[in-house]
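Structural characterization, general
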Amino acid sequence: MTSMEKRLQKELQAMTKDPPAGVSVNTNSLSSSLSEWIVDIEGAPSTLYEGERFQLGFKFTSRYPFDSPQVMFLGPNIPVHPHVYSNGHICLSILTEDWSPALSVQSVCLSIVSMLSSCKEKKLPPDNAIYVRTCSKDPKKTRWWYHDNSV
């Protein structure tokens, strides 16, 4: 078993044994190498997204946890949020330049739930149309410009 697989096995155990509120790993979706996960997220109570259900796709390279996973919203229900593009890409610094091997699937999920929970208005990013038309399919190849910490 590779070090990436060992680490992911440990994280999977933690996520299935004691998941954060509103977060669960879709164990039917796991690849045999654990390199791809789908995580179900429910909007937190008393937020704009209360009761809404979303899916996050995680893709891990063999360099995980030294390289961040690719994380994006999947499916037809992508949250309308100033840091989430309509193609599911998420503008969140810990997914790229602020990634640390000390972070985990659980901490990424908590950060995304927190990002959604702090939102005051459901609206797309101002550059959504052009970004979605011109971006790479891999959000990790985007050079994000982090300029708004208010949501």
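Relevant structure appears above.
Residues numbered from 1 in each chain as written. Predicted model: local features only at pLDDT ≥ 70, side-chain atom pairs only at ≥ 80, totals over all residues. Heavy atoms only, no water.

Quick look at the overall build of the protein now. A tally of regular secondary structure across the protein gives 3 helices and 4 strands. For the protein, the C-alpha radius of gyration of 15 Å lies close to 15 Å, the compact-globule estimate for 151 residues. The C-alpha extent of the protein, read off along each of the three principal axes, is 45 × 35 × 25 Å. For the protein, contacts bridging at least 24 residues in sequence account for 59% of all contacts bridging at least 6. (Helix = DSSP H or I, 4+ residues; strand = E, 2+ residues; numbered from the N terminus. Rg over C-alpha atoms; globule rule 2.2 N^0.38 Å. Contact = heavy atoms within 4.5 Å.)

Under the criterion given, the structure shown has 7 aromatic pairs. Measuring from ring centre to ring centre gives 6.0 Å for Tyr49 and Phe54, while their planes differ by 70°; the resulting arrangement is edge-to-face. You can call Tyr49 buried: its relative accessible area is 1%. Looking at Phe54, the relative accessible area reads 2%, which means it is buried. (Phe/Tyr/Trp six-rings, centres within 6.5 Å; stacked < 30°, edge-to-face > 60°. Buried < 20%, exposed > 50% of the residue type's maximum accessible area, 1.4 Å probe, protein only.)

This part is about helix 2 (residues 105-117). For the α-helix, the turn length of 3.6 residues means that residues three or four positions removed from each other point alike. Helix length check: helix 2, at 13 residues, gives a terminal C-alpha distance of 18 Å against a target of 18 Å (1.5 Å per residue), a fit within 8%. Residues of helix 2 that are buried: Val105, Ser107, Val108, Cys109, Ile112, Val113, Met115 and Leu116. For helix 2, the secondary structure elements touched by its buried residues are helix 1 (3-17), strand 1 (23-25), strand 2 (36-42), strand 3 (53-59) and strand 4 (70-74). (Expected span 1.5 Å × (residues − 1).)

On the secondary structure map, Gln70 appears in strand 4. Gln70 has contacts with Gly57, Phe58, Lys59, Asp138, Pro139 and Lys140, leaving out every residue within four places of it along the chain.

Only one face of strand 2 is covered, namely the one carrying Trp37, Val39 and Ile41; the face carrying Glu36, Ile38, Asp40 and Glu42 has none of its residues buried. For strand 1 and strand 2, the ladder comprises 3 bridges, and the chain directions are antiparallel. Note that in strand 2 the partner of Val23 across the bridge is Ile41. In this structure, strand 2 lies alongside strand 3, joined through 7 bridges in antiparallel fashion. Its bridge partner being in strand 3, Ile41 is matched across the sheet by Phe54. (Pairing = 2+ DSSP bridges.)

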